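Examining the three-dimensional arrangement
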Amino acid sequence: MNQIIELPGRAERAATDASVLLDCRNLSRTFIVGGSLFSKAKELRAVDRVNVSVRRGEVLAIVGESGSGKTTLGRMMLGILPPTSGEMLLDGKPVSGIDRKTLARRIQPIFQDPYSSLNPRKTVAQIIGLPLAVHGIEAGAARDRRVEEIMERVGLSRRLIHSYPNQLSGGQRQRVAIARALVVQPEIVVCDEPTSALDVSVQAQILNLLVDLRNEFNLTYIFISHDLGVVEYIADQLAVMYMGQVVEAGPRHEVLEQRRHPYTQALLGSVLTPDPSLGLPDLQIGRGFPDIMHPPSGCHFHPRCPSAMPVCSAVEPPAFRDSAGLVHCHLFSGEGSSATRPIAQ
Amino acid sequence: MTITQVRDTSVQPNGGSGHGAPLLDVRGLTVDIAVPAGTLHAVSDVSFAVNPGETFCIVGESGCGKTITSLAVMRLLPKTARIAAQRILFEGRDLLGLSDKEILGLRGNRLGMIFQDPMTSLNPVFTIGNQLEEVYLRHRNSGRREARERAEFLLEKVGIQSPAMRLGQYPHQLSGGLRQRMMIAMTLMCEPALLIADEPTTALDVTVQAQILQLLKNLQREFRTALILITHDLGIVARMADRVAIMYAGRVVETGTSAEIFAAPQHPYTRGLLACIPVPGSQGKRLGSIPGIVPSLIGENEGCMFRNRCPYAGESCRHGEIALRELSPGRGYRCILEPGHAISEATREPATTASQATVQ
Ligand SMILES: Nc1ncnc2c1ncn2[C@@H]1O[C@H](COP(=O)(O)OP(=O)(O)OP(=O)(O)O)[C@@H](O)[C@H]1O
Ligand SMILES: Nc1ncnc2c1ncn2[C@@H]1O[C@H](COP(=O)(O)OP(=O)(O)OP(=O)(O)O)[C@@H](O)[C@H]1O
Ligand code: SF4
Ligand SMILES: [Mg+2]
Ligand SMILES: [Mg+2]
């Protein structure tokens, strides 16, 4: 499904291409699970033919159901996990031709969990300095200075330089993780739920910091999150994933406003605004949970979709693309008759 | 963990809706932890009560003592901690007076806890199935078959399909959200009367989160399970809580029903917290954040712990213990300001930017 992207015109594609920094094309990753004495090994399609791209200096946010493949996609972008198929282009060149170390210097991660992603036996200075040592950047006093500079930049007091992670608060640990990612001056930072372990006031500080740093260093972020408030705040482009596939993507405000895909509607309808007069949202998507081991035929979302039509269980919805972005749904494929009209909510 | 029972009759924020004994009644809970630099006052004089079927939310900044409070109830504090309280009554029994064997019989059984970090509570070398069954076998007189059936049943409840395959997996093979749901299923193996859920949905997307929260609500309706929900997501608080305690630096600084807290927050910290939430239309603007950082909890402390960050702080905030102002039973706050001192949030200095403020 995701490979047939009908673009309105070739020129448009060529024009955007120049500024595209990271381009994932039909990227897939399958895990083999099970396979014990009692059961046969089966395939788990964690990421299925994903097409996303991000321009230099932009923030691409990836949202989606738990288990929909966001982290797996992020790990492939980082070069930690090889894709099963598809390719990734960095500045137009295939990533497969770039060696791991060079790639690591250009693309750095910030993980969700500031508690377990820092080595407990290393001091703050050692943790932040390690990438410099790995990449052989500076040495001795110059390296120390660089560590101090970045610490100051992310708002970490020099006092903490010899502290261990367990002596830091959650917010401080996340700043250490950010400093470690930025010290080698990467072009792209893949942030996997960088603030979900933090409370709102610390989260606000970290988000403000990430935005400042992006402006200062012209960074490009891949921002994986399930907090749509955060995404709305930080993203330029948005991709929505469901069961390993991108079901909708486009400029943030278009996706959030138009909510063309029924899953996007369900996702946005589940946001819990702090309004005590409201209870839990009544999800119009049934009680069912999707089973990645047995993906439904046709559109993977059809068993839960309030707008499903007969064609939805039979045929994979093709890509529909216009200026508001890309959507994979039969409501927009012509079969569903409403073609380009955004559906009523 | 050293336990001291104190006899103390100071007035405490009341909790509970009145009729009948609460399921859990915590009075004057104080937890001190010995650290190299001295004594860390993690929890100071905290009181609350939770009734059967009720949802009680504990909210507050990282490090304010939410987890330590729940670990005290579970009697799972680290060895370096000293706990003192007038009482921690659960189903009429004082938890502080129970033997280790008695508490083991309650934990995972009548008293369930969903821990904040699924990775530290799931054992990496055993399959998920093994770990879920183990809990059941420990407390129930039953065979492995029954335990496996219960595990599969609960996995479906928390939205994990292909249960047999998932039970055969190891924790590292699961996504963050799947791990968190495994933890929840594990806690529900024995139908606890009190469930303490420490940030149970941080790793979940909003649709699954809504489904899990609905599941918890259904449990409460069906079994009158009481829920202590620890979260920093004020959206969850608003939609789930019957009553709320806002904690700051080891103390409860405000209590009330969730309607009261959101409509008329009294403590300056509560107001700051409400201003930090990214809301639609916030793009491009800076988020509100509470300037400054939490003071050190090590050593003696006096006065209001929030004063170094509070826009209203004055001389009287520096000394003594700030008394709890009780507005009505169960509704109160610890601040010298008069009730309804509202100064519109808009007029307040927005946020120190993170990049300017150097964290100490
Ligand atoms: N090493 C692995 N072995 C087997 N299965 C895996 C492995 N890593 C991931 N998976 C599976 O791939 C699927 C996608 O996982 P992934 O971690 O990418 O999800 P996610 O979108 O990041 O979810 P969450 O929001 O819960 O973190 C899940 O079903 C997961 O169990
Ligand atoms: N094992 C320990 N040894 C020393 N200090 C500890 C220990 N565990 C917690 N603390 C300290 O006790 C205080 C309260 O910690 P607690 O874990 O209860 O915070 P919390 O409110 O749950 O925060 P978070 O939202 O980050 O989980 C913190 O200052 C913390 O640093
Ligand atoms: S393709 Fe059909 S089932 Fe899938 S989201 Fe669109 S309407 Fe719903
Ligand atoms: Mg993930
Ligand atoms: Mg905690």
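Remember, it's a predicted structure, so these values are computed and weren't measured experimentally.

**Examining the overall build of chain B**
Helix and strand counts for chain B stand at 11 helices and 14 strands. The 360 residues of chain B split such that 57% are buried. Taking the contacts inside chain B whose residues are at least 6 apart along the sequence as the reference set, 65% of them involve residues at least 24 apart. Carbon and sulfur atoms provide 53% of the accessible area of chain B, an area that totals close to 14,500 Å².

**Quick word on the pairing of strand β12 (residues 251–257) of chain B**
All names here are of chain B. Burial analysis of β12 places six of its seven residues in the buried class, the great majority of the element. Inspection of the sheet shows strand β11 (residues 243–248) paired to β12 by six bridges, in the antiparallel sense. Paired with Ile246 across the bridge in β12 is Glu254. Where β11 folds back onto β12 in an antiparallel hairpin, the turn is made up of two residues, including Ala249, whose phi is positive at roughly 45°. Across two bridges, β12 lies against strand β14 (residues 331–334) in antiparallel orientation. Opposite Glu254, over in β14, you have Tyr333 as the bridge partner.

**Describing the site of ligand 2**
Taken together, 16 residues lie near ligand 2, and Ser62, Gly63, Thr67, Ile68 and Gln116 of chain B sit nearest. Surrounding ligand 2 are residues belonging to chains A and B, so the site spans chains. In the environment of ligand 2, an oxygen atom lies 3.2 Å from a nitrogen or oxygen atom belonging to the backbone of Cys64 of chain B. One nitrogen or oxygen atom from the main chain of Ile68 of chain B is found 2.8 Å from an oxygen atom belonging to ligand 2. If ligand 2 stood free it would expose 640 Å²; the protein chains cover 70% of that surface. Elements supplying a minimum of two residues to the shell around ligand 2: β2 (24–35), β3 (38–50) and α1 (66–74) of chain B. Counting residues per element, the shell around ligand 2 draws most heavily on α1 of chain B, which supplies three residues. When grouped by side-chain class, the residues that make up the shell around ligand 2 number nine nonpolar, five polar and two charged.

**As for the confidence of the model for chain B**
For chain B, mean pLDDT is 84; residues scoring 70 or higher make up 85% of the total. Predicted confidence for residues 7–18 of chain B stays below pLDDT 50, and this span has 22 contacts to residues more than four positions away or in other chains.

**Description of the pairing of strand β13 (residues 324–328) of chain B**
Of the strand pairs in this sheet, β13 of chain B and β14 of chain B are connected by four bridges, and their pairing is antiparallel. Bridge pairing in β14 of chain B places Arg325 of chain B opposite Tyr333 of chain B.

**Some thoughts on the sheet that holds strand β11 (residues 319–322) of chain A**
Strand pairs in the sheet, formed through backbone hydrogen bonds, run parallel or antiparallel to each other. Residue and element names in this part refer to chain A. Strands sit in the order β6-β7-β8-β3-β9-β10-β12-β11 across an open sheet of eight strands; the sheet is mixed. Edge positions in the sheet fall to β6 (107–110) and β11, since each has one partner strand and no second. Adjacent strand axes in the sheet meet at a mean angle of 20° when their direction is disregarded. Sheet topology note: the β6/strand β7 (residues 188–192) ladder contains four bridges and is parallel.

**Thoughts on the domain arrangement of chain A**
A common way to express how large an interface is: the accessible area buried when the components associate. All names here are of chain A. Each assigned domain of chain A is listed here: domain 1 (10–258) and domain 2 (265–345). Between domain 1 and domain 2 the total buried area reaches about 1,900 Å² when both faces are included, carbon and sulfur atoms providing 62% of it. The interface formed by domain 1 and domain 2 includes two salt bridges. In this structure, Arg304 engages Glu65 in a salt bridge whose closest nitrogen and oxygen atoms are separated by 3.4 Å. Secondary-structure elements contributing two or more residues to the side of domain 1 that touches domain 2 are β2 (41–55), β3 (59–64), β9 (237–242), β10 (245–251) and α9 (252–258).

**With respect to α1 of chain B**
Residues and elements named next belong to chain B. Among the nine residues of α1, eight are classified as buried, and the element is accordingly described as predominantly covered. Buried within α1 are the following residues: Lys66, Ile68, Thr69, Ser70, Leu71, Ala72, Val73 and Met74. Taken from the residues just after α1, Arg75 is the one with a positive phi, measuring 55°.

**Thoughts on the pattern of salt bridges**
All names here are of chain A. For the coordinates displayed, the defined rule picks out 32 salt bridges over all chains. A salt bridge links Asp23 to Arg25, with the shortest nitrogen-to-oxygen separation between them at 3.1 Å. Given the relative accessible area of 6%, Asp23 is considered buried. The class of Arg25 is partly exposed, set by a relative accessible area of 29%.

What counts, and where the lines are drawn
- Residues numbered from 1 in each chain as written.
- Chains lettered and ligands numbered in written order.
- Predicted model: local features only at pLDDT ≥ 70, side-chain atom pairs only at ≥ 80, totals over all residues.
- Heavy atoms only, no water.
- Helix = DSSP H or I, 4+ residues; strand = E, 2+ residues; numbered from the N terminus.
- Buried < 20%, exposed > 50% of the residue type's maximum accessible area, 1.4 Å probe, protein only.
- Contact = heavy atoms within 4.5 Å.
- Areas by Shrake-Rupley, 256 points an atom, 1.4 Å probe, with all protein chains shown as cover.
- Pairing = 2+ DSSP bridges.
- Near = heavy atom within 4 Å.
- Polar contact = N/O pair within 3.5 Å; in protein donor to acceptor, adjacent residues only side chain to side chain.
- Nonpolar A, V, L, I, M, F, W, Y, C, P; charged D, E, K, R; others polar.
- pLDDT = per-residue confidence, 0-100.
- Axes fitted to C-alpha atoms, helices over the stretch in contact; angles between N-to-C directions.
- Domains from an automatic or database assignment.
- Buried area = accessible area lost by both parts, 1.4 Å probe.
- Salt bridge = Lys/Arg side-chain N within 4 Å of Asp/Glu carboxyl O.

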